[in-house]
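Coordinate inspection notes
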Amino acid sequence: MLLRLPTSVPEAQQCLADGAVPIGGATLVWATWQRDGFPALAVSLREVPEANAAGRETLGGAVLLHRIDATVPDVLRLAAATIGTGAVRRTATVGGNIVGSTLRCLLPPALALDARATVLEPDGVREADLAEVVAKRPVLLGLRWRTPLASAYRKLPAEPGGQPPLVVASALHTEDGERRRLRVAVRDGYDVLTGTTRCDTGAEDALDALRDTALGDLPATAWEAVRPQVTGLLEGSGQN
């Protein structure tokens, strides 16, 4: 296998045009390649600056999970810290987790942040929503979002070998500088559901409104985790 390490977006585009298979930390594909055979040509974005950006409102697809720190919103930082082992986090990438993983532990936080994706294709770079990223699995160059007022994350314990642990991610945003909007994303099994509501009148009204979104299909056990997170987030931000 020949691994190319482009140092710019145009070089990375050319690699894709040449048929190179994207590879990040290879934590999700190495065993498969050992079993089924390695591709002739692979490409990593680890030397592309845009794919390694990490800031208050941006996170590159090639960023290693262990690099995600307090610079980003809490919901992303806390999620990254719970993925795999320390060894995995020092190897796995943001793009690999969201695009390549079946668990996609960073997807609920990204949805709660209302993040947009920048994807790399052989003919250029474009913006995409996260639903398209999950469905079509393009090369993720990075994520962008607007800084929320506050955010929260919780991953519940799960039995080894059982269903994936329940994840609840939420973020409080502002609209027009005054109105507050709450976005909540929940991973229940392998499904990720989201709900959005304005929250100008209190936590109970916000919870009632969220039940009228896709989150209303969640089982009661999931709502037992959603309720305290939403209440704590809104009350901690001065929303009574």
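Just above sits the structure.
Summary of the structure given here. Everything quoted here is computed from the prediction, not taken from an experiment.

1. A short note on the overall build of the chain
In terms of helices and strands, the chain carries 9 helices and 12 strands. Against the compact-globule benchmark of 18 Å for 240 residues, the chain has a radius of gyration of 19 Å, which places it among compact chains. Dimensions of the chain along its principal axes, counting C-alpha atoms only, are 55 × 40 × 30 Å. Relative to its full complement of 240 residues, the chain shows a buried share of 48%. Considering only contacts in the chain between residues 6 or more positions apart, those separated by 24 or more positions represent 54%. Surface exposure of the chain reaches about 11,600 Å², of which carbon and sulfur atoms provide 48%. Computing the positive centroid from 25 side-chain charges and the negative centroid from 28, the chain places the two 5 Å apart.

2. A short note on the sheet that holds strand β5 (residues 58-60)
Strand order in the open sheet formed by 5 strands is β4-β5-β8-β6-β7, and the pairing between neighbours is antiparallel. Looking at the sheet topology across the chains shown, the edges are occupied by β4 (54-55) and β7 (124-128). Running over the sheet, helix α1 (residues 9-17) touches β6 (116-121), β7 and β8 (139-144) and is turned about 60 degrees from β6.

3. Quick look at the side chain of Arg104
In this fold, Arg104 is placed in the loop between α5 (94-100) and α6 (107-112). Buried charged residue Arg104 carries no salt bridge. Nearest counter-charge: Asp191, at 8.8 Å. Those residues in contact with Arg104 that sit more than four places away from it in its chain are Asn97, Ile98, Val99, Val134, Arg137 and Arg187.

4. A short note on unusual backbone geometry
Positive phi, close to 60 degrees, is recorded for Asp114, a residue that is not glycine. Along the chain, Asp114 falls in the loop between α6 and β6. Using a relative accessible area of 37% as the deciding quantity, one classes Asp114 as partly exposed. Positioned with a positive phi, Arg137 is a non-glycine residue whose angle comes to about 55 degrees. Turning to its location among the elements, Arg137 is positioned in the loop between α7 (130-136) and β8.

5. Let's talk about the environment of Phe38
Among the secondary structure elements, Phe38 is positioned in the loop between α2 (30-36) and β3 (41-43). With a relative accessible area of 39%, Phe38 lands in the partly exposed category. Counting along the chain gives 142 residues from Phe38 to Arg180, while the straight-line C-alpha distance between them is 49 Å.

6. Describing the packing of aromatic side chains
What the rule picks out here adds up to 0 aromatic pairs. Lying across the ring of Trp223, Arg211 places its NZ or CZ 4.0 Å from the centre.

7. Considerations on the nonpolar core
By size, the foremost hydrophobic cluster in this structure holds 35 residues, and its most contacted members are Leu59, Ile68, Val94, Leu106, Leu130, Leu143 and Trp145. Contact partners of Leu106, with chain neighbours within four places excluded, come to Leu65, Ile68, Leu76, Ala79, Ala80, Ile83, Val94, Asn97 and Ile98. By size, the runner-up hydrophobic cluster in this structure holds 22 residues, among which are Leu166, Leu215, Ala225 and Leu233.

8. A look at the packing of helix α8 (residues 203-210) against helix α9 (residues 220-236)
Orientation of α8 relative to α9, taken along the N-to-C sense of each, is 140 degrees, at an axis distance of 9 Å. In terms of axis orientation, α8 runs oblique to α9. The interaxial crossing formed by α8 with α9 has right-handed handedness. Each of Ala203, Glu204, Ala206, Leu207 and Leu210 in α8 lies in contact with α9, whose residues at this interface are Trp223, Val226, Arg227, Val230, Thr231 and Leu234. Here the residues of the contact of α8 with α9 sort into 8 nonpolar, 1 polar and 2 charged.

What counts and how
Residues numbered from 1 in each chain as written. Predicted model: local features only at pLDDT ≥ 70, side-chain atom pairs only at ≥ 80, totals over all residues. Heavy atoms only, no water. Helix = DSSP H or I, 4+ residues; strand = E, 2+ residues; numbered from the N terminus. Rg over C-alpha atoms; globule rule 2.2 N^0.38 Å. Buried < 20%, exposed > 50% of the residue type's maximum accessible area, 1.4 Å probe, protein only. Contact = heavy atoms within 4.5 Å. Areas by Shrake-Rupley, 256 points an atom, 1.4 Å probe, with all protein chains shown as cover. Lys, Arg positive; Asp, Glu negative; His and termini not counted. Charge placed at Lys NZ, Arg CZ, Asp CG, Glu CD. Pairing = 2+ DSSP bridges. Axes fitted to C-alpha atoms, helices over the stretch in contact; angles between N-to-C directions. Salt bridge = Lys/Arg side-chain N within 4 Å of Asp/Glu carboxyl O. Phe/Tyr/Trp six-rings, centres within 6.5 Å; stacked < 30°, edge-to-face > 60°. Lys NZ or Arg CZ within 6 Å of the ring centre and 35° of its normal. Core = buried A, V, L, I, M, F, W, Y, C linked by side-chain atoms within 4.5 Å. Parallel < 35°, antiparallel > 145°, perpendicular 65-115°, else oblique. Left-handed = near helix turned anticlockwise from the far one by under 90°. Nonpolar A, V, L, I, M, F, W, Y, C, P; charged D, E, K, R; others polar.

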